[in-house]
Amino acid sequence: MPTSNDMQNVLDIQDKNMIFEDNCVSYGIHKQKKCKFIDCTLTYIPTVKDSIKL
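Attention in this report is confined to the structure presented alongside it. This structure is a prediction, so every number in the text was calculated from the model and none was measured.

## Focus: the pairing of strand β3 (residues 33-38)
A regular strand places its side chains on the two faces of the sheet in alternate fashion. Among the six residues of β3, zero are classified as buried, and the element is accordingly described as predominantly exposed. Pairing between strand β2 (residues 25-30) and β3: six bridges, direction antiparallel. Note that in β3 the partner of H30 across the bridge is K33. Hairpin connection of β2 to β3: two residues between the antiparallel strands, including K31 at a positive phi of 55°.

Here it is, written out as structure tokens:
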């Protein structure tokens, strides 16, 4: 199984506050299309100020 660090490298995610656990990939349907969903855990609670950066 890939480690959290491996998943961050594959997805090119620079944020070290995201932790990917084993079996974090699931498959499903979104808007009538097959999709791959990747779950992770944030190590902090985002604030409104953090979400404005998007």
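Next comes the rest of the write-up.
## Looking at a nonpolar patch on the surface
On the surface, V10, L11, V25, Y27 and I38 cluster together to form a nonpolar patch covering roughly 480 Å² of accessible area. At the level of elements, α1 (4-11) and β2 are the ones that each hand at least two residues to the nonpolar patch. Position of I38 among the secondary structure elements: in strand β3.

Each value, and the rule that gives it
Residues numbered from 1 in each chain as written. Predicted model: local features only at pLDDT ≥ 70, side-chain atom pairs only at ≥ 80, totals over all residues. Heavy atoms only, no water. Buried < 20%, exposed > 50% of the residue type's maximum accessible area, 1.4 Å probe, protein only. Helix = DSSP H or I, 4+ residues; strand = E, 2+ residues; numbered from the N terminus. Pairing = 2+ DSSP bridges. Patch = residues over 30% accessible without salt bridge, like charges linked within 9 Å, V, L, I, M, F, W, Y side chains within 5 Å. Areas by Shrake-Rupley, 256 points an atom, 1.4 Å probe, with all protein chains shown as cover. Salt bridge = Lys/Arg side-chain N within 4 Å of Asp/Glu carboxyl O.

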